[in-house]
Amino acid sequence: MNFDLDDDQRDIAAGARDFFRGNASPAAARAGLEGGALEPGRKALADMGFLGITVPEQAGGSGRPLLDLAVVAEQGGAVLAAPSLVTAARAAVLLAGEPELAARLADGSTAFAVLDGPVERSAPSVDAADATLFLGLDGGALVVGEGEIVPGRPLDATRGLASVRLTSRRVLVEDAAELWARARQVGAVVMAAEDLGGADRCVQVGVAYAQEREAFGRRIGSYQAVKHMLVDAWVGVEQLRSLVWWAAWAADNNPAELPLAASAAKACAAATFERAASTLIQVHGGIGFTWEHDAHLFWRRAKVDRLLLGDEAEHLDAVARLAVSGALGA
Amino acid sequence: MNFDLDDDQRDIAAGARDFFRGNASPAAARAGLEGGALEPGRKALADMGFLGITVPEQAGGSGRPLLDLAVVAEQGGAVLAAPSLVTAARAAVLLAGEPELAARLADGSTAFAVLDGPVERSAPSVDAADATLFLGLDGGALVVGEGEIVPGRPLDATRGLASVRLTSRRVLVEDAAELWARARQVGAVVMAAEDLGGADRCVQVGVAYAQEREAFGRRIGSYQAVKHMLVDAWVGVEQLRSLVWWAAWAADNNPAELPLAASAAKACAAATFERAASTLIQVHGGIGFTWEHDAHLFWRRAKVDRLLLGDEAEHLDAVARLAVSGALGA
Amino acid sequence: MDFDDSPDEAEYRARVRAALEQHADELLRLAPGQEAVDARTHEAEMRRTQRVLHDAGLVGVTWPREYGGQGGTLLQQAIVGQELARFRVPALINHIGMGMCGPTVIAHGSADQRDRYLARLLRADDVWCQLFSEPASGSDLAALRTTAVRDGEDWVVNGQKVWTTLAHVSDYGILLTRTDPEKPKHAGLTMFVVDMHAPGVTVRPLRQMGGQSDFNEVFFDDVRIPDSERLGEPGEGWRVALTTLMNERVTIGGAGTAIGAPVEEFAEHAKARLPQLDPERQVLARQAVGRAVVAALGARYTGYRRLTVLSQGGIPGPEASAGKLAGTEAAHLMADAGVRLLGDDAVYAATADGEDRWQRTQSWLPGISIAGGTDQVLRNILGERVLGLPPEPRLDKTAPFSGGQR
Amino acid sequence: MDFDDSPDEAEYRARVRAALEQHADELLRLAPGQEAVDARTHEAEMRRTQRVLHDAGLVGVTWPREYGGQGGTLLQQAIVGQELARFRVPALINHIGMGMCGPTVIAHGSADQRDRYLARLLRADDVWCQLFSEPASGSDLAALRTTAVRDGEDWVVNGQKVWTTLAHVSDYGILLTRTDPEKPKHAGLTMFVVDMHAPGVTVRPLRQMGGQSDFNEVFFDDVRIPDSERLGEPGEGWRVALTTLMNERVTIGGAGTAIGAPVEEFAEHAKARLPQLDPERQVLARQAVGRAVVAALGARYTGYRRLTVLSQGGIPGPEASAGKLAGTEAAHLMADAGVRLLGDDAVYAATADGEDRWQRTQSWLPGISIAGGTDQVLRNILGERVLGLPPEPRLDKTAPFSGGQR
């Protein structure tokens, strides 16, 4: 039994943490709500090699397992980095047979987005707002094409959500339903990893404040109402971390478990991040619901992410269906 | 605006409280689990006039509004009295056109039960275990008859649950669907009132213990974890009380509101009583989960009642359907 | 039990309605779907609206006649509130002044202060704000640090207040200060009336997470207040503030009025959106809708019970705090279900056609669980004052404030 | 990352399996669906089972060889635990003795005590129990009132203990007493080994809400204990007890083993019952099933992370308490969904064919949120020792116990 990161992965995580802390921040997420640029941005992610972690080496990537990408994604999530690594992970699966396109994904020369829903008018899709080439599922076929972008008023600007209508399309894989499903599961795992980073950060910031702030002659973290709220959020984060690691590990090492594990991780992420962000606000009291405080930026991310790539209800339903059809083993 | 009991109803409540405290108790509910007799029993309830509160005066009842019965039921619920007034309330509606049977209901000379589900093999029905005459819905018709009783191993003995197969049947009302639905709504209100009494009692007992018991040099009620748990339970009880009163009032004064109000009250009762009973156990710590303590008897009642006469999901669904079809008004 | 008005109440309500109809043209009213107006942009109309209502006898309903009020009952006040809402008149510009500042001046002001301030307050000739909270003293109000130092006939005030509703349009405020840091925290406070136009007062809007600015920060930099503007004795400020706060409780978490959207509006929204979901999602959505409706109805009818207490001449006690807790919970459930029902639009800050009703409520609710008493503080109040549970041990009530024990 | 055994672990596991197969006929095993055996009715078989396992080298895995143990690792212990569960061997009769009493004797006993007790304990020649909790001291263990008074070479014990697992079959117990009521509560305690067959010891079963009796009350009426049976110095009882409690933490909320039903069993149940619901109820039930499975898997894989720490030679810290919280939550969700899936049978204590798996778990879980550390105490531990949040102010640590401050 060795259910822990190895030394390589710890190094990757440490490097990612340094990079993201230096090149992204909740402040950028705040500025993004008023039109500011996203940080660190696609180019910086490509330069760090993060967009190509799971792209095969032949296509210019690192050919590393999804777990490596998940630990990087967690660090990005902690500072609300954008664009999301979900697109990189998902597109890497979809472009497995397209080394040339995969190379453009990995080196950041093309801004890909993966479209959810019908390609005639997609659902709000991650980082579609500034993408130039779109992957979509069109009548069972994987297609690539250009499109017309319709953004909405952002709730969380870092997700770059937009609805897209494909204006051109070329079929890459004829019968792509299974590939598409796997890519979406992988995307769900990476989003859960980003949410893990965000939720973990919420608990850390909340704990730090509760250790300092005083009310009625005591530090507020000594009150059970505050303490237990933070503990419950932390326990949730710990469960989420386990499910994210398991799901990411399963993607490469036990693909039959991926559907269940991905749905479990994504369902857990939705509830855990939302609770952690709400807790962060509540622990801070008045200052916690001001524009200048970071708390609402995590809250916004949580409110959006919980609905992307399948909401909690969809994934709980999937977990139940898979569990009763024997996916847990006997 | 006068949303409060009137002096008559306060008197009725006070009288009922005295009666039930003298003639029933959680101890009897405990003994019932090992075959002991239920308290106060059907005869005592009839003698007090409680079985006939809503039966018309011509049929030997008091012809009083449902709200009067609800305030009595609340007092019975507080001590886990049995049999339930749900059957009296429901049968009184069903027997509106049968004064002779209604008189036998009111004076307790016949032990009625109202069967849920098909009369060929009913669902577990309240106080059917020792009933001799059954009311049921058979292909849209209201029937009365004798039956074969199949009890289960009781979780809460005071509910007298049994499944029944009618062995004889006589049609009382040919096209009874609406009457039946109304009777079930009235039954739901009365059960919610009994649950209100139980939940309220749980909070009272929990508060009293938290005021006395000490740990770590302080009374445990001074700890926020305990205090807030009790407050949340109490706030729930207050909401439930409002919904029960409203629903009981609507039955006589604004019947169009009854379906929504009854479902709201029953849904709220299910969650509120269950939480209050769990809180009662948790506040007591070790002693709270012993056989000799009363806490589990409330917990048993809550675990059973939440599923009877439609569970929370059924009633929430009904509330939603009614609300979107305009039952709230514009 | 009777949800209708008593004959007296019905008559009063009819008079209120008639007065509103008569002055309809002079009143600011909310457009359909609009919930509030911004005092920043509509100050003049809001002042005019309150003046017109005042002259029609609908302002200061419960205030004594000698101070320009109507000498009426709390229930009449509630009826006016209901009718103003029905007539879609937004909250009056001086609602803080009427709900909190005025009652404090009545209770603790000098005859001269009462004469100078109260009638003008009701007419909105002067708008008032309440200057209590500070960055370092939120729930623990008595930990405030703004100082007032005696200097001849004046006091000199320095410090910062925060969460001050309406400060940017206010003419006066009631200001709680620390005048003796050597006393225990509750004992060294003094209350004043401060002229918001005095030199050294700076008001800065405070932006909330949803982007709007309902509150302000107020900075005091050597602001001079004549001793004649003191409310109550020096060192008695905490007792004076309790008057204000008890009146706040009457105002918040009120009697039968919803926090957030009314449940009827929520039901309309659900009616429009539910059919657009696929059948299985409808099953799940109805659970959420039903749960929210039950919570909202529970809060509403519990509010009616409090209103009944008013109707019978009673005074709301600490149990009114339960109204805010339950109302906030219901509002959360409605907002969450309301947003989810939007489908794809739920991930945006507004729907494609610019409608942001549910998203706006969603982003406003975290503040509601904090402002006017956090959920946790309300639970303490209910536990201790209603259920009679013992308080937490307090270490800060006796030590001198300057001793670092805050 | 690798969920498989390391080569060493795999080899050890194979040896364990072989030993179990070899002694299969001598071991008490659980029938399908059975979760536990009652020591009241199966004492002899349970003692024999432990003896057989001991002789096969599967008991006291981590204990030093000098005391009859195997000198192995915590991970080997976990492997033995997993394989015993897989082989459906019920909890060993001396699990309290091995998990808590023995380690305390090892740490604080005299050489003579260690010689006399430890080897016999591992072989279940003697069964042990832990006598700490009292009616007036649950979470606040140090408030205990059972007294031991020195009398010549003996101590005389009077008082009552409660929640004592296995007391009715025990030969010895470790007993925490108050020997100096004038000292502050933690300072006046002393620990002893008590002979459960001594005159004046009375054991009475304590019935739980579900009807079963997993615990006992134990009464001490002038029970004499020789001073040589003291564990640690007089007044050092609290320090000795902490040794016991730290070992308890290793035992509870463990590493990857579920509280309540395994999730696979729950899934089987759902598989059988879901199709019997009408389609809309299936939609709702799948939400509950999914939620419970996610919680159970989260607890399981978090347990695997703790197991990994063991595997790498680490010691479980206070974060293990999170395992009990999360495991209890998952068990609650599974039990509730499990009961609801029964349809009509959910209102009874058993299904029509007498099966009571889910109802029994339901009635057992309220106790699990209390026993071995209430949810609230666990949250305090996690908040203070893992997250580093400040403790509550304590007023009871310095006053003399007899001063009424308990």
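Residues numbered from 1 in each chain as written. Chains lettered and ligands numbered in written order. Predicted model: local features only at pLDDT ≥ 70, side-chain atom pairs only at ≥ 80, totals over all residues. Heavy atoms only, no water.

1. Thoughts on the overall build of chain A
- Secondary structure assignment for chain A yields eleven helices and eight strands.
- A compact globule built from 330 residues should have a C-alpha radius of gyration of about 20 Å, and chain A, at 19 Å, falls within 12% of that.
- Overall size of chain A, expressed as C-alpha extent along the three principal axes, is 70 × 50 × 35 Å.
- When each of the 330 residues of chain A is scored for burial, the buried share is 65%.
- Contacts in chain A between residues at least 24 apart in sequence constitute 69% of all its contacts with a sequence separation of at least 6.
- When the accessible surface of chain A is split by element, carbon and sulfur atoms take 49% of a total near 10700 Å².
- Considering chain A, the positive charge centre built from 30 side chains and the negative charge centre built from 43 side chains are found 6 Å apart. (Helix = DSSP H or I, 4+ residues; strand = E, 2+ residues; numbered from the N terminus. Rg over C-alpha atoms; globule rule 2.2 N^0.38 Å. Buried < 20%, exposed > 50% of the residue type's maximum accessible area, 1.4 Å probe, protein only. Contact = heavy atoms within 4.5 Å. Areas by Shrake-Rupley, 256 points an atom, 1.4 Å probe, with all protein chains shown as cover. Lys, Arg positive; Asp, Glu negative; His and termini not counted. Charge placed at Lys NZ, Arg CZ, Asp CG, Glu CD.)

2. Describing the interface of chain B and chain C
- Listed per partner, the contact involves 46 residues of chain B and 49 residues of chain C.
- Looking only at chain B, the three residues that lose the most surface to chain C are B:Met1, B:Phe3 and B:Val324, adding up to 19% of its buried area.
- Put simply, chain B and chain C have six salt bridges between them.
- Ionic pairing is found between B:Asp232 and C:Arg379, a salt bridge with its closest N-O pair at 2.7 Å.
- Where the side of chain B that touches chain C is concerned, the elements lending two or more residues are helix H7 (177-212), strand E8 (218-219), helix H8 (224-253), helix H9 (258-284) and helix H11 (312-324) of chain B.
- Per-element tally for the side of chain B that touches chain C: the top contributor is H8(B), with 16 residues.
- Broken down by class, the residue content of the side of chain B that touches chain C amounts to 26 nonpolar, nine polar and eleven charged. (Buried area = accessible area lost by both parts, 1.4 Å probe. Salt bridge = Lys/Arg side-chain N within 4 Å of Asp/Glu carboxyl O. Nonpolar A, V, L, I, M, F, W, Y, C, P; charged D, E, K, R; others polar.)

3. Topic: the pairing of strand E4 (residues 172-178) of chain D
All names here are of chain D.
- Counting buried residues in E4 gives seven out of seven residues, a clear majority hidden from the surface.
- Inspection of the sheet shows strand E1 (residues 128-131) paired to E4 by four bridges, in the parallel sense. Looking across to E4, one finds that Gln 130 is bridged to Ile 174.
- Pairing of E4 with strand E5 (residues 189-195), which is carried by seven bridges, proceeds in the antiparallel orientation. In the strand pairing of E5, Thr 177 is matched with Thr 190. (Pairing = 2+ DSSP bridges.)

4. A look at the interface of chain D and chain A
- Each partner contributes residues to the interface: chain D has 49 residues there, and chain A has 46 residues.
- Approximately 4300 Å² of surface area, both sides summed, lies buried where chain D meets chain A, with 65% of it carried by carbon and sulfur atoms.
- Seen at the junction of chain D and chain A, the total is six salt bridges.
- The salt bridge involving D:Arg305 is made with A:Glu238; its shortest N-O contact spans 2.9 Å.
- Our enumeration of links across chain D and chain A arrives at 20 residue pairs in polar contact (both at pLDDT 80 or more).
- When residues of the side of chain D that touches chain A are traced back to their parent elements, those giving at least two are helix H7 (263-273), helix H8 (279-311), helix H9 (320-340) and helix H11 (375-386) of chain D.
- Among the elements that line the side of chain D that touches chain A, the one with the most residues is H8(D), at 17 residues.
- Tallied by class, the residues present in the side of chain D that touches chain A amount to 24 nonpolar, twelve polar and 13 charged. (Polar contact = N/O pair within 3.5 Å; in protein donor to acceptor, adjacent residues only side chain to side chain.)

5. Examining the domain arrangement of chain C
Residues and elements named next belong to chain C.
- What the domain assignment lists for chain C is domain 1 (7-93), domain 2 (128-242) and domain 3 (253-386).
- Using C-alpha coordinates to define each centre, domain 1 is positioned 25 Å away from domain 3.
- Taken together, the contact between domain 1 and domain 3 spans six residues of the former and eight residues of the latter.
- Between domain 1 and domain 3 the total buried area reaches about 600 Å² when both faces are included, carbon and sulfur atoms providing 59% of it.
- By the criterion of area lost to domain 3, the three top residues of domain 1 are Glu 35, Leu 74 and Leu 75, representing 67% of everything that side buries.
- The shortest N-O distance in the salt bridge between Arg 357 and Glu 35 comes to 3.1 Å.
- In terms of residue count, the dominant contributor to the side of domain 1 that touches domain 3 is helix H3 (residues 74-86) (four residues).
- Taken together, the residues that form the side of domain 1 that touches domain 3 break down as three nonpolar, one polar and two charged. (Domains from an automatic or database assignment.)

6. With respect to unusual backbone geometry
- In this structure, A:Pro40 follows A:Glu39 across a cis peptide bond, with omega equal to 0°.
- Residue position: A:Pro40 is located in the loop between helix H2 (26-32) and helix H3 (42-47).
- The omega torsion across B:Ala82 and B:Pro83 is 0°, close enough to zero to call that bond cis.
- Looking at where B:Pro83 falls in the secondary structure, it is placed in the loop between helix H4 (66-78) and helix H5 (85-94).
- Even without a glycine there, the phi angle at C:Ala124 is positive, about 60°.
- Along the chain, the position of C:Ala124 falls in the loop between helix H5 (111-122) and strand E1 (128-131).

7. With respect to the packing of helix H8 (residues 279-311) of chain C against helix H9 (residues 320-340) of chain C
Residues and elements named next belong to chain C.
- Between H8 and H9, whose axes approach to 8 Å, the crossing angle comes to 155°. One finds that H8 runs roughly antiparallel with respect to H9. Relative to H9, the crossing made by H8 is left-handed. In contact with Ala 288, Arg 291, Ala 292, Ala 295, Ala 296, Ala 299 and Arg 306 of H8, H9 contributes Ala 320, Gly 323, Ala 326, Gly 327, Ala 330, Leu 333, Met 334 and Ala 337.
- Residues of the contact of H8 with H9, tallied by class, amount to eleven nonpolar, two polar and two charged. (Axes fitted to C-alpha atoms, helices over the stretch in contact; angles between N-to-C directions. Parallel < 35°, antiparallel > 145°, perpendicular 65-115°, else oblique. Left-handed = near helix turned anticlockwise from the far one by under 90°.)

8. Overview of the nonpolar core
- With 436 residues, the main nonpolar core has A:Leu135, A:Trp246, B:Leu135 and B:Trp246 as its most contacted residues.
- Non-local contacts of A:Trp246, meaning those with residues more than four positions away in its chain, are made with A:Phe3, A:Glu257, A:Leu260, A:Ala261, D:Phe3, D:Leu297 and D:Tyr301. (Core = buried A, V, L, I, M, F, W, Y, C linked by side-chain atoms within 4.5 Å.)

9. A word on the sheet that holds strand E1 (residues 112-114) of chain A
Residue and element names in this part refer to chain A.
- Spatial strand order, E1-E2-E3-E6: four strands in an open sheet with mixed pairing. The open sheet is flanked by E1 and strand E6 (170-173), the only strands paired with a single partner. Strand after strand, the sheet turns through a mean of 30° between neighbouring axes, direction not considered.
- The sheet contact formed by strand E3 (residues 141-145) and E6 spans three bridges and is antiparallel. By the bridge assignment for E6, Val 143 is matched with Val 171.
- Its contacts with the sheet place helix H5 (residues 85-94) against E1, strand E2 (133-138) and E3, and it is angled at close to 85° to E1.

10. Let's talk about the packing of helix H1 (residues 7-22) of chain D against helix H3 (residues 74-86) of chain D
Residue and element names in this part refer to chain D.
- Between H1 and H3, the least distance of the axes is 10 Å, while the angle of their chain directions is 40°. As the angle between them shows, H1 and H3 are arranged oblique. The handedness of the crossing between H1 and H3 comes out as right-handed. Contacts between H1 and H3 pair Glu 9, Tyr 12, Arg 13, Val 16, Arg 17 and Leu 20 from the former with Leu 75, Gln 76, Ile 79, Val 80, Gln 82, Glu 83, Leu 84 and Arg 86 from the latter.

11. Points about the packing of aromatic side chains
- In the structure shown here, the tally under the stated rule is 38 aromatic pairs over all chains.
- Ring centres of A:Phe19 and A:Phe20 lie 5.2 Å apart, and the angle between their planes is 65°; on these two criteria the pair is classed as edge-to-face. A:Phe20 carries the same exposure label as A:Phe19, and that label is buried.
- Arranged with centres 5.6 Å apart and planes meeting at 80°, the rings of B:Phe19 and B:Phe50 form a pair that is edge-to-face. With B:Phe19 in helix H1 (residues 7-23) and B:Phe50 in the loop between helix H3 (42-47) and H4, this residue pair connects regions lying 31 residues apart in the sequence. Assigned by exposure class, B:Phe19 and B:Phe50 land together as buried.
- Through pairs of rings, three or more aromatic residues link up here, namely A:Phe3, A:Trp245, A:Trp246, A:Trp249, D:Phe3, D:Tyr301 and D:Tyr304. (Phe/Tyr/Trp six-rings, centres within 6.5 Å; stacked < 30°, edge-to-face > 60°.)

12. Observations concerning the side chain of C:Ser137
- Counting through the fold element by element, C:Ser137 comes out in the loop between E1 and strand E2 (147-151).
- When its relative accessible area of 1% is taken as the criterion, C:Ser137 is described as buried.

13. Re the sheet that holds strand E2 (residues 133-138) of chain B
Residues and elements named next belong to chain B.
- Spatial strand order, E1-E2-E3-E6: four strands in an open sheet with mixed pairing. One side of each edge strand has no neighbouring strand; the edge strands of this open sheet are strand E1 (112-114) and strand E6 (170-173). Here the strands of the sheet are splayed against their neighbours by 30° on average, with no regard to which way each runs.
- Looking at chain direction, E2 and strand E3 (residues 141-145) are connected through five bridges and run antiparallel. Paired with Asp 138 across the strands is Ala 141, a residue of E3.
- Contacting E1, E2 and E6, helix H6 (residues 99-106) runs over the sheet at an angle of about 105° to E1.
- Against the sheet, H7 touches E1, E2, E3 and E6, its axis set at about 125° to E2.

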